[in-house]
There are 2 protein chains.
Amino acid sequence: MSGIDGCLVKYSSAPRATPKNDTKDTSAIIVLDHGDPTMYESYWSKIGNKCDITFNGDNSLSYFANGKSLCWFLESKLEEQIKRLHNVVGSAIVDDHYIVVGTVSSQLMQAALYALSPTYQLEPISVVSATPFYSAYPEVMDFVRSGLHKWAGDARTFKKNGSYIEFITSPNNPDGVIREPVVNGDQGKLIYDLAYYWPQYIVITSPANHDVMLFTISKCTGHAGSRIGWALVKDKEVARKMTKFMEISTIGVSKEAQLRAAKILEVICNSCLDPKMENFFEYSQSLMINRWNRLRQVVMANDLFVLQKYPLQYCLFRKDFYESHPGGEEEDCEKLLKEHKIHTRSGSRFGSDSRNVRISMLSRDEDFNIFLKRLMAIQRPTNGN
Amino acid sequence: MSGIDGCLVKYSSAPRATPKNDTKDTSAIIVLDHGDPTMYESYWSKIGNKCDITFNGDNSLSYFANGKSLCWFLESKLEEQIKRLHNVVGSAIVDDHYIVVGTVSSQLMQAALYALSPTYQLEPISVVSATPFYSAYPEVMDFVRSGLHKWAGDARTFKKNGSYIEFITSPNNPDGVIREPVVNGDQGKLIYDLAYYWPQYIVITSPANHDVMLFTISKCTGHAGSRIGWALVKDKEVARKMTKFMEISTIGVSKEAQLRAAKILEVICNSCLDPKMENFFEYSQSLMINRWNRLRQVVMANDLFVLQKYPLQYCLFRKDFYESHPGGEEEDCEKLLKEHKIHTRSGSRFGSDSRNVRISMLSRDEDFNIFLKRLMAIQRPTNGN
């Protein structure tokens, strides 16, 4: 599952500590394994009825959308708001791209692979991504043992002979680093997974402008339950084949989810432009900064963990200098943290080192607070058990 | 695309006719190729606000549903209404089945194949269905060239050696016939596609009770835009693997679509139980009967087409005798009808004869009326043109 993934926490060689007992929360495991973006719930609770959308019994019965898009099931309202959002934020060039809507990035990844894999070949094309890579890649590529494509692991160790597909996740999941292609072979096709290329996670330095770019509402606005993602695709034939994939695999994408996503993106755009509204990205960035600062304090107060650092970059969107705040941290040992009732995802799942873990930073405040409390407990060894 | 599919129309050997010109609709092609179930829109327009559902900004952010189902993304409200509907209609045994929700039947078919295909094997398992079969089967099985399963065509000509998976579509798409397994080998696994097993299409003779049964809201209520389907699965491990498929391919199913589907199913159940409401199935059955009668009149008035016949069966749901009214007809020649601006689907797409076509009966009244008018024009040759 895609997580908010951010920086790595490394477990240093300090002696293993025993936790103080939590007074209130002894039973519950805090799940920071997957990036369930419930952190933004507080913004949406405050927004009032601006974001409400009602469906009547006779709405959206048809398979077909009301737009004239190459992607025949794409609702025109969603298309409009996707374009508007990218223009307002400056996160991507949309005007010379086709938009393909999907049931989030997972389905769009498969659609892109379907569209970019050679049709007539004996061997499946190799698919690579540099470690640490998004932990779901190997499974998504290979779960039905496709004859079209095959997961080939770390892009850094991939031999350049022949054709290949490279996933560039930027900012990267799990470590939040801005990435460029690694293989740079002659016959490479590139898919940019830009799920985290939004102002609360990273400074937007320039609008992305690649052949295939994948986005999802989950990490942008927090509405993971809607399962809406979209691809910006330069080549018409690739966009057509991706649309064909969606047609065969699910005959399109839920109209309710699309129309609600359109409403949410509309409100977010408005919040960026209307000074009377609280800017969604500023709000969520300040939440992220606050969490990072508190996490840093806890981590700096001990010798057990190491946090990643991030470069200072110029943010086009905010027109000002900001540090980047990718949404997670990693540690040394999934097992250690699990003993302390913190459920994380081991670095080994990302093709990396099991001394690292990814910790989702996007949970509700309540869970994040318990997480910090338990982390503090680990850093102060006691004599008891 | 799943269509409402019903009976075949055969093109007899009568001489080809020339159409009278439509006075109003000379330019528009009537698309009766895919079964877009907009016919039921009239019911939903009349239902008032009983079916309204509103989403606030902070609803359904999480990946996870609020239920305790094995299918971790299944909304408990939808689970409840699916069970209630099957019990009210008597269409399936639900109490000893697990429910897996999917982005309609297409995704559930793939999930069922994933779950039933042997994990460790050199050759993909053969997947068959008796002709005429649902026209999307070959593409859905083979589009990513899976190493797990492979489309092997007509179940009737399949050799029984070894393991296989058989799709039993009942009532069948495209011809509306109630079906039983055909291969009956020792090592067969069966998937029942029961998309049309609802009272407006077929008399419900007994609650279905099979290992894997697939349903979709599209053909039941007409809400094809929602993309909601469900599987009833007897074996826990199969249900778990199907859920895993959904997790990898789309990390669940849109919450908005699920919650709206729950609302729609609730209203339909109420309409069956509350004498003050217009019973949805009676309403839609009467629409179907009306269309069939009008179509029969047009077809009987000429020698060009032949309609299928359907058996009289006892309907558990209606507690009375009714004729079955599957939702389509088939003809001889897609090309002939296309010349008359009627877009249908050739029998060859269903592994059948191109003298047949499938015509969707589920379009809006307006389109159906134009269709009948054009059909009449074909049957009365003129001297002109």
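Residues numbered from 1 in each chain as written. Chains lettered and ligands numbered in written order. Predicted model: local features only at pLDDT ≥ 70, side-chain atom pairs only at ≥ 80, totals over all residues. Heavy atoms only, no water.

A. A look at the relation of the copies chain A and chain B. By a simple turn and slide, chain A fits onto chain B: the slide is 0.0 Å along the axis, the RMSD is 0.0 Å, and the turn is 180 degrees. Expressed as a symmetry operation, the mapping of one chain copy onto the other fits a two-fold axis. When the interface residues of chain A are mapped onto chain B, 100% of them again lie at the interface, so the same face is used by both copies. (Least-squares fit on C-alpha atoms with pLDDT ≥ 70 in both. Contact = heavy atoms within 4.5 Å.)

B. Region of the structure containing unusual backbone geometry. In this model, Ser170(A) is joined to Pro171(A) through a cis peptide bond whose omega is -5 degrees. Looking at where Pro171(A) falls in the secondary structure, it is placed in the loop between strand E7 (164-169) and strand E8 (188-193). Phi is positive for Asn184(B), close to 55 degrees, though the residue is something other than glycine. Considering the arrangement of structural elements, one finds Asn184(B) in the loop between strand E7 (164-169) and strand E8 (188-193). (Helix = DSSP H or I, 4+ residues; strand = E, 2+ residues; numbered from the N terminus.)

C. Spotlight on the interface of chain A and chain B. With 66 residues of chain A at the contact, the number on the chain B side is 66 residues. The three residues of chain A that bury the most area against chain B are Leu61(A), Tyr63(A) and Arg145(A), which together make up 15% of that side's buried surface. Seen at the junction of chain A and chain B, the total is four salt bridges. The shortest N-O distance in the salt bridge between Lys244(B) and Glu139(A) comes to 3.7 Å. Linking chain A with chain B are 51 residue pairs in polar contact (both at pLDDT 80 or more), by the criterion used here. Every element with two or more residues in the side of chain A that touches chain B is listed here: helix H1 (41-46), strand E3 (53-55), helix H3 (104-116), helix H4 (137-142), helix H5 (217-221), helix H6 (236-250) and helix H7 (255-273) of chain A. The residue makeup of the side of chain A that touches chain B, split by class, is 26 nonpolar, 28 polar and 12 charged. Note: E3(A) against strand E3 (residues 53-55) of chain B, three bridges, orientation antiparallel. The residue bridging Phe55(A) from the neighbouring strand is Ile53(B), located in E3(B). (Buried area = accessible area lost by both parts, 1.4 Å probe. Salt bridge = Lys/Arg side-chain N within 4 Å of Asp/Glu carboxyl O. Polar contact = N/O pair within 3.5 Å; in protein donor to acceptor, adjacent residues only side chain to side chain. Nonpolar A, V, L, I, M, F, W, Y, C, P; charged D, E, K, R; others polar. Pairing = 2+ DSSP bridges.)

D. Summary view of the pairing of E7(A). Residues and elements named next belong to chain A. For E7, the tally of buried residues reaches six of six residues, placing the bulk of the element in the interior. Across three bridges, the pairing between strand E5 (residues 125-129) and E7 is parallel. Along E7, the bridge assignment pairs Ser-126 with Tyr-164. Pairing of E7 with E8 involves six bridges; the strand directions are parallel. Each bridged residue has a counterpart across the sheet, and for Tyr-164 the counterpart in E8 is Gly-188. (Buried < 20%, exposed > 50% of the residue type's maximum accessible area, 1.4 Å probe, protein only.)

E. Spotlight on the confidence of the model for chain A. All names here are of chain A. Here chain A averages 84 in pLDDT, and 84% of its residues register 70 or above. Every residue in residues 318-322 scores below 50 in pLDDT, and together they form 11 contacts with partners more than four places removed in sequence or on other chains. Scored below 50 in pLDDT, residues 380-385 makes nine contacts in the model with residues more than four places away or belonging to other chains. (pLDDT = per-residue confidence, 0-100.)

F. A look at the sheet that holds strand E9 (residues 212-216) of chain A. Residue and element names in this part refer to chain A. Strand order in this open sheet of seven strands is E4-E10-E9-E8-E7-E5-E6, and the pairing throughout is mixed. Each having just a single partner strand, strand E4 (98-102) and strand E6 (149-154) make up the two edges of the open sheet. Strand-to-strand, the axes of this sheet are offset by a mean angle of 25 degrees, without reference to chain direction. (Axes fitted to C-alpha atoms, helices over the stretch in contact; angles between N-to-C directions.)

G. View of the pairing of E9(A). Residue and element names in this part refer to chain A. Of all the five residues making up E9, five are buried; the element is thus mostly covered by neighbouring parts of the structure. Going residue by residue along E9, you find Val-212, Leu-214 and Thr-216 tucked away on one face and Met-213 and Phe-215 tucked away on the opposite face as well. Here E8 runs beside E9; their pairing, made up of two bridges, is parallel. Each bridged residue has a counterpart across the sheet, and for Tyr-192 the counterpart in E9 is Met-213. Summarising the sheet, E9 and strand E10 (residues 229-233) pair through five bridges and their orientation is antiparallel. Among the inter-strand pairings, Phe-215 is bridged to a residue of E10, identified as Trp-230.

H. Molecular detail of the packing of H7(A) against helix H7 (residues 255-273) of chain B. Packing of H7(A) against H7(B) leaves a shortest axis separation of 7 Å and a crossing angle of 125 degrees. Viewed along their axes, H7(A) and H7(B) adopt a mutual orientation that is oblique. Between H7(A) and H7(B) lies a crossing of right-handed hand. Facing Glu256(A), Ala257(A) and Arg260(A) of H7(A), the residues of H7(B) in contact are Glu256(B), Ala257(B) and Arg260(B). (Parallel < 35°, antiparallel > 145°, perpendicular 65-115°, else oblique. Left-handed = near helix turned anticlockwise from the far one by under 90°.)

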